[in-house]
Every structure is written in structure tokens, then in C-alpha cells.
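Structural description and commentary
Read off the chains here:
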Amino acid sequence: TWVVPPQKRESAYQWVRKQIKDGGGQAFIICPFIEASETLQSVKAAKVEFENLVKKIFPDLRLGLLHGKMKSQEKETVMTKFRGRKLDILVSTPVVEVGIDIPQATIMLVEGAERFGLSQLHQLRGRVGRSDKESYCLLFTEILTGKPFQRVKALEKINVGMKLAELDLTLRGPGEIYGTAQHGFFDLKVATFTDLDLIEKTKKAAQEFLPQLAQYPLLQAKLKKDKIEAVQPN
């Protein structure tokens, strides 16, 4: 697994071409979005990037496009071509994250890697290396500082999913449960999920406290209201 900065993009494309032509492998190129975003114009979209790759980057190779808005039959046709080696590169959204087995695919290239969770990136790179051929994961990112870069660089050294998930929780936070944000930190400090001693103590404290809820009718009413609103939001 290699993190690829902007200045090495062109050489990375040349390397991918050489691996496909000389080594006979196939590649996935993953984009975060299906359509281009007006507010996030720097983030690669699968449809736009597919056209760019076909016309400017890999005009000599055979490319296919796959995303979640395609009809089932269209998806199956593309996957059949890729599986049958009638395509060299599959440009896709993360729909290929699980359940895809293409043994001859040896390259996973992820655009905007900092926008994905570490567990998701770990799943994506698991789509290659499914045979005895040497396989590679290239993580393209425009961000070269701070926690986003630190997260992505961790994939170069860590290959265990559980360790990556815990690191992601530490660096990126668990996100909001009831809010609209997809990431961020709770106002409440949360211990590591591997702190089994503290988890056991917390469990015992909760078991001692719950039977006493009858003494606090207002708290009971609040908990009940929150539960109802979580199931039936306004």
C-alpha cells in the first residue's frame, strides 16, 4: 500500500499502465462520488473521471464504469466483462467494497482516499491480492498534513482491520448519533474500545443504576421521549 501525493500522480499512472500491459493484471479505480459536486469540485466523481481516463490518461486501455445508479443488468454486464478480462480497468464508486472476487485484479487505486474511513479502505484493498500475483493499493490524496494524512499513511504499515478501526475512531471520532454530521467528536470523552477493564466497570455501574430509575420519573420520561423520537423522527 502506497500513499500517492499530487506530484507523483503522472508517474503512478505510467506505473499502472506498465503493470497492466507487462504483467497482465487488471485495476480498480475508485472515486468517492458518482456525479461531480458543485461544492466539492476537487473530489473525483466516477462519471467524470471515467471520461477523463478514457480520453487523456489510458486511451490505449479498455475501461468500464460501475456505480450504484446503474440498473442491475448494466452492472452485471460490466462485471462480466471485467471478470472475463475484456476490460483492463474498472472505474467505480465504493460499490465494489465487498462481495467482488476478481483474482487477476492486482491494482486498487483510490481517489480522495482521505474521504474514506480506514476500515472501508482496508475492505477496498482486499479486492486485490486474491491470487498468487503481487498486488498493490495506491491511495491518492491531495491532503498531505494533519490527521487526514496521518490516517491514510497508517494503511502503509497496518494490515489488521481491528487495529485500523480503533485508530480511525481515535483520529476521526465516532460521529454524531442523533445529529446530521457524519463525523466528528462527542462532547463526552470516550475510552478506547479495547479498555476491557473500564468497559466491565461501566457495565456493572449501569446494572446498579438502571433498577433505580423508578425513583426518577422525569429522567424516565426523557429517556422514553428520546427513544420514540429516534424511531419516529419529526
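Shown above is the structure to which this text applies.
One structure accompanies this document, and this report is about it. (Residues numbered from 1 in each chain as written. Predicted model: local features only at pLDDT ≥ 70, side-chain atom pairs only at ≥ 80, totals over all residues. Heavy atoms only, no water.)

1. Thoughts on the overall build of the protein
A tally of regular secondary structure across the protein gives eight helices and six strands. Order of helices (α) and strands (β) in the protein, N terminus to C terminus: β-α-β-α-β-α-β-β-α-β-α-α-α-α. Among the 234 residues that make up the protein, the fraction classed as buried is 35%. For the protein, restricting intrachain contacts to residue pairs at least 6 apart in sequence, the fraction spanning at least 24 positions comes to 68%. Summed over all atoms, the accessible surface of the protein reaches about 14,700 Å², with 55% contributed by carbon and sulfur. (Helix = DSSP H or I, 4+ residues; strand = E, 2+ residues; numbered from the N terminus. Buried < 20%, exposed > 50% of the residue type's maximum accessible area, 1.4 Å probe, protein only. Contact = heavy atoms within 4.5 Å. Areas by Shrake-Rupley, 256 points an atom, 1.4 Å probe, with all protein chains shown as cover.)

2. Here we look at unusual backbone geometry
With a phi angle near 65 degrees, Arg85 is a residue other than glycine that sits in the positive phi range. Among the structural elements, Arg85 can be located in the loop between α3 (72-83) and β4 (89-92). Judged by relative accessible area, Arg85 falls into the partly exposed class, the value being 38%.

3. Digging into the nonpolar core
Counting residues in each nonpolar core, the largest one holds 27 residues, and the members touching the most others are Phe28, Val110, Leu121 and Leu139. Those elements giving two or more residues to this core turn out to be β2 (26-30), α3, β5 (105-110), α4 (118-125) and β6 (136-140). Counting residues in hydrophobic clusters, the runner-up holds 22 residues, among them Tyr13, Ala27, Leu53 and Leu61. (Core = buried A, V, L, I, M, F, W, Y, C linked by side-chain atoms within 4.5 Å.)

4. Points about the sheet that holds β4
Overall, parallel pairing links the six strands, which are arranged β1-β6-β5-β2-β4-β3 in an open sheet. A strand with exactly one partner marks an edge of an open sheet, and here the two such strands are β1 (2-4) and β3 (63-66). On average, each strand axis in the sheet is tilted by 20 degrees relative to the strand beside it, whichever way the strands run. Of the strands in this sheet, β2, β3 and β4 touch helix α2 (residues 46-57), which is tilted by about 175 degrees from β3. Taken strand by strand, α4 contacts β2, β5 and β6, and its axis lies near 155 degrees from that of β5. (Pairing = 2+ DSSP bridges. Axes fitted to C-alpha atoms, helices over the stretch in contact; angles between N-to-C directions.)

5. Re a nonpolar patch on the surface
A cluster of nonpolar side chains, contributed by Phe209, Leu210, Tyr216, Leu219 and Leu223, occupies part of the molecular surface with about 440 Å² of accessible area. Along the polypeptide, Phe209 turns up in helix α7 (residues 196-209). Since its relative accessible area comes to 35%, Phe209 is described here as partly exposed. (Patch = residues over 30% accessible without salt bridge, like charges linked within 9 Å, V, L, I, M, F, W, Y side chains within 5 Å. Salt bridge = Lys/Arg side-chain N within 4 Å of Asp/Glu carboxyl O.)

6. Here's the deal with α3
In this model, α3 (12 residues) spans 16 Å end to end at C-alpha, consistent with the 16 Å of a helix rising 1.5 Å per residue. Listed in full, the buried residues belonging to α3 are Val78, Met79 and Phe82. The arc enclosing the buried residues of α3, seen along the axis, measures out at 95 degrees, which places them on a common side. Those residues of α3 that are buried are in contact with β2, β3 and β4. With its phi angle positive at about 65 degrees, Arg85 sits one or two positions after the end of α3. (Expected span 1.5 Å × (residues − 1). Arc of directions from axis to C-beta.)

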